[in-house]
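Geometric and topological summary
Below, each chain spelled out in residue letters.
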Amino acid sequence: MDGRPLATSTPYPARHALRPPFLVLLLTAWLIAVAGGSSWAATIYGGKWQQLETRHAVLLFESREVLDLFAGKIRYDRRRDPAAHLLVPSDETGDNGITEKIDALFMRVQEILDMRRKMEKVTIKIYPDTGSLRDVYQRLFRSKDAMRAWYLYEKNTIYVTVADVHEGMLAHEMAHAIIDHFFSVRPPSATAEILARYVDKHLTR
């Protein structure tokens, strides 16, 4: 789902105040230090979230544990992607392969839709449990009927929970992001949903 009922961007309520810049730098340096000899390092984003950029996305997560769980849930095989040679091998990033899988999945969705062009990176916000995701949905849409995952055009952000995500679900939401940014005018929500479901059916074919 793409969260189309929200017509304009809604401010996202921060649960924690932003930390002073020097503390942000200190925490970033600490993360790099504990990463040891690997090239993996997250940056602090908004005082609460850690950030990891790929070629096509920006992942936001609360802890390395959440990121590792997320990596285990996304089981897309990059070798299915015709542009696999463009991906950064996972052993070079030390990020448990998630950078490679996210980019491969994104390019596969572009291939299925035949919508290949350079786009702004989509943000993927990964919540640790369904309760947290439900709270965010209720605040954004003022509704108790929370979705398992959704894409919000106004923020160019996909919202998922590590407790209930898989590669098909993520590909579906990536499809909404790609469709909404490929055309000069966004297609009707029903049309976008049909195309996103088409991606579901053809992801592994």
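Definitions and cut-offs
- Residues numbered from 1 in each chain as written.
- Predicted model: local features only at pLDDT ≥ 70, side-chain atom pairs only at ≥ 80, totals over all residues.
- Heavy atoms only, no water.
- Buried < 20%, exposed > 50% of the residue type's maximum accessible area, 1.4 Å probe, protein only.
- Helix = DSSP H or I, 4+ residues; strand = E, 2+ residues; numbered from the N terminus.
- Pairing = 2+ DSSP bridges.
- 1 Å grid on protein atoms, 1.4 Å probe; cavity = no way out; pocket = protein on both sides within 12 Å on 5 of 7 lines; lining within 4 Å.
- Points joined across faces, edges and corners; volume = space filled by probe spheres on them.
- Expected span 1.5 Å × (residues − 1).
- Phe/Tyr/Trp six-rings, centres within 6.5 Å; stacked < 30°, edge-to-face > 60°.
- Lys NZ or Arg CZ within 6 Å of the ring centre and 35° of its normal.
- Axes fitted to C-alpha atoms, helices over the stretch in contact; angles between N-to-C directions.
- Parallel < 35°, antiparallel > 145°, perpendicular 65-115°, else oblique.
- Left-handed = near helix turned anticlockwise from the far one by under 90°.
- Contact = heavy atoms within 4.5 Å.
- Nonpolar A, V, L, I, M, F, W, Y, C, P; charged D, E, K, R; others polar.
- Core = buried A, V, L, I, M, F, W, Y, C linked by side-chain atoms within 4.5 Å.

Side note on the pairing of strand E2 (residues 49–53)
- Most of E2 is tucked away, with 4 of its 5 residues classed as buried.
- Of the strand pairs in this sheet, E2 and strand E3 (residues 57–61) are connected by 4 bridges, and their pairing is antiparallel. Each residue of the ladder has a partner; that of Leu52, found in E3, is Leu59.
- Turn length for the E2-E3 hairpin, with the two strands adjacent in sequence and antiparallel, is 3 residues.

Notes on empty space enclosed by the protein
- In this structure the tally under the stated criterion is 1 cavity of 30 Å³ or more.
- Quantified by volume, the largest cavity comes out at close to 40 Å³.
- Phe106, Met119, Glu120, Val122, Asn156, Ala177, Ile178 and His181 are the residues that line the largest cavity.
- Per-element accounting of the lining of the largest cavity gives the leading share, 3 residues, to helix H6 (residues 167–182).

Considering H6
- Along its 16 residues, H6 runs 22 Å from first to last C-alpha, staying within 8% of the 22 Å computed at 1.5 Å per residue.
- Counting buried residues along H6, 13 of its 16 residues qualify, which places the element largely inside the surrounding structure.

A word on the packing of aromatic side chains
- Enumeration over the complete set of coordinates arrives at 6 aromatic pairs.
- Look at Tyr137 and Trp150: their rings are 4.9 Å apart centre to centre, the planes differ by 75°, and that puts the pair in the edge-to-face class. Pair noted here: Tyr137 is in helix H5 (residues 130–141) and Trp150 is in strand E5 (residues 150–152), with a separation of 13 residues, a long-range link.
- Centre to centre, the rings of Phe182 and Phe183 are 5.2 Å apart; their planes meet at 85°, and the pair counts as edge-to-face.
- Assessed through its relative accessible area of 26%, Phe182 is described here as partly exposed.
- Take Phe183: its relative accessible area is 38%, and that puts it in the partly exposed class.
- One aromatic cluster is present, formed by Tyr137, Phe141, Trp150 and Tyr159 through successive ring pairs.
- One cation-aromatic arrangement involves Arg186 over Tyr153; the distance from NZ or CZ to the ring centre is 3.9 Å.

Observations concerning the packing of helix H2 (residues 64–73) against helix H4 (residues 98–113)
- Between H2 and H4, whose axes approach to 10 Å, the crossing angle comes to 50°. Here H2 lies oblique to H4, going by the angle between them. By crossing handedness, the relation of H2 to H4 is classed as left-handed. On the side of H2, the interface is formed by Leu67, Phe70 and Ala71, while H4 contributes Ile98, Lys101 and Ile102.
- Class assignment of the residues belonging to the contact of H2 with H4 gives a composition of 5 nonpolar, no polar and 1 charged.

Thoughts on the nonpolar core
- Counting 41 residues, the largest nonpolar core has Leu59, Phe70 and Ile124 as its most contacted members.
- Elements represented by at least two residues in this core include exactly E3, H2, H4, strand E4 (122–127), strand E6 (157–161), H6 and helix H7 (189–202).
- Setting aside chain neighbours within four positions, we find Phe70 in contact with Leu59, Ile98, Ile102, Ile124, Ile126, Val160, Val162, Val165 and Leu170.
- Grouped together as the second largest cluster of nonpolar side chains are 13 residues, Val58, Leu60, Met147 and Tyr159 included.

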